[in-house]
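Next come the chains, spelled out residue by residue.
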Amino acid sequence: SIGTSALDIARHLPDRVEVAGLAAHSKWEQLAEQCREFRPRVAVLCDPDAFRRADRSQFPRETELRAGPDAAAELAAAADVDVVLSAVVGAAGLGGTWAALEAGKTVALANKETLVVGGPLVTELAARRGAKLLPVDSEHSAIFQALTGHTAADVSRVVLTASGGPFRGK
């Protein structure tokens, strides 16, 4: 849902936000619809089976349709990309995030697992390449905002409530 929310922002700020590329796991019909609206240079289907099933005639002629996680990583590192929204579910999100950081991009990170799997390596790479990591998922964005203007010495503990996901209603 964060990807479609980001597209809502692009839709409302066409003079400030241009969609250079889009990626999806397997929902090629939704990806094609988004490509018809936003006309990105590249669209990626990470699932090779979905790529084989996709009806190319549903995609705009100017959008290059590519397949696989490597194609998503190449898109994230492309020269015409300034900001990458990393919202891939699970550890699979690490590849595209890593490629974007390696290229010195700003990464709007909605994928917590990237930090769980490789937190110190990811943050070190961002610092070394002059890239920025901006937390945009609700919980880690709230922590980021609450800590703005403070140092680690100012904080003794951070408590997250179980407001959603598998803990909803518990």
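All values reported here derive from a predicted model rather than from experimental measurement. (Residues numbered from 1 in each chain as written. Predicted model: local features only at pLDDT ≥ 70, side-chain atom pairs only at ≥ 80, totals over all residues. Heavy atoms only, no water.)

**Quick word on the packing of helix H4 (residues 69–77) against helix H5 (residues 93–102)**
Logical step 1: Where H4 contacts H5, the axes come no closer than 8 Å and their chain directions differ by 30°. For the element pair H4 / H5, the angle class is roughly parallel. As for how H4 packs across H5, the hand of that crossing is right-handed. For the pair H4 and H5, the contacting residues are Ala-73, Ala-76 and Ala-77 in the first and Gly-95, Gly-96, Ala-99 and Ala-100 in the second.
Logical step 2: Of the residues in the contact of H4 with H5, the class split is 5 nonpolar, 2 polar and no charged. (Axes fitted to C-alpha atoms, helices over the stretch in contact; angles between N-to-C directions. Helix = DSSP H or I, 4+ residues; strand = E, 2+ residues; numbered from the N terminus. Parallel < 35°, antiparallel > 145°, perpendicular 65-115°, else oblique. Left-handed = near helix turned anticlockwise from the far one by under 90°. Contact = heavy atoms within 4.5 Å. Nonpolar A, V, L, I, M, F, W, Y, C, P; charged D, E, K, R; others polar.)

**Brief notes about the side chain of Asp-47**
Logical step 1: Among the structural elements, Asp-47 can be located in the loop between strand S2 (42–45) and helix H3 (48–53).
Logical step 2: Buried charge Asp-47 goes without a salt bridge, the closest partner of opposite sign being Arg-53 at 4.7 Å.
Logical step 3: Reaching out from Asp-47, the side chain makes a polar contact with the backbone nitrogen of Asp-49 at a distance of 3.1 Å.
Logical step 4: Discounting chain neighbours no more than four positions away, the residues touching Asp-47 are His-25 and Ser-26. (Buried < 20%, exposed > 50% of the residue type's maximum accessible area, 1.4 Å probe, protein only. Lys, Arg positive; Asp, Glu negative; His and termini not counted. Salt bridge = Lys/Arg side-chain N within 4 Å of Asp/Glu carboxyl O. Polar contact = N/O pair within 3.5 Å; in protein donor to acceptor, adjacent residues only side chain to side chain.)

**Regarding the environment of Ala-87**
Logical step 1: Considering the arrangement of structural elements, one finds Ala-87 in the loop between strand S4 (83–86) and H5.
Logical step 2: Placed 21 residues apart in sequence, Ala-87 and Ala-108 show a C-alpha to C-alpha distance of 8.5 Å.
Logical step 3: What Ala-87 contacts, discounting residues up to four positions off in sequence, is Ile-2 and Ala-110.

**Describing the sheet that holds strand S3 (residues 64–67)**
Logical step 1: Strand order across the open sheet formed by 3 strands is S1-S2-S3, with parallel pairing between neighbours. Each edge of the sheet is formed by a strand with only one pairing partner; in this case those strands are strand S1 (21–24) and S3. Adjacent strand axes in the sheet meet at a mean angle of 20° when their direction is disregarded.
Logical step 2: Pairing analysis gives 4 bridges linking S2 to S3, with the strands arranged parallel. In the sheet register, Val-42 faces S3, and the bridge partner there is Glu-64.
Logical step 3: Against the sheet, H4 touches S1, S2 and S3, its axis set at about 150° to S2. (Pairing = 2+ DSSP bridges.)

**A word on the sheet that holds strand S5 (residues 106–109)**
Logical step 1: With parallel pairing, the 3 strands of this open sheet are ordered in space as S4-S5-S6. Each of the sheet's edge strands pairs with one partner strand only, and the pair in question is S4 and strand S6 (132–135). Geometrically, the sheet is characterised by an average inter-axis angle of 20° between neighbouring strands, direction not taken into account.
Logical step 2: The pairing of S5 with S6 spans 4 bridges and is classified as parallel. Across the sheet, the residue bridging to Val-107 is Leu-133, located in S6.
Logical step 3: Those strands touched by H5 are S4, S5 and S6, and its axis lies near 155° from that of S5.

**Observations concerning the confidence of the model for the protein chain**
Logical step 1: When pLDDT is averaged along the protein chain, the result is 90; 94% of the residues meet or exceed 70.
Logical step 2: Of all secondary-structure elements in the protein chain, the lowest mean pLDDT belongs to helix H7 (residues 138–147), at 77, while helix H2 (residues 28–38) reaches the highest, 98. (pLDDT = per-residue confidence, 0-100.)

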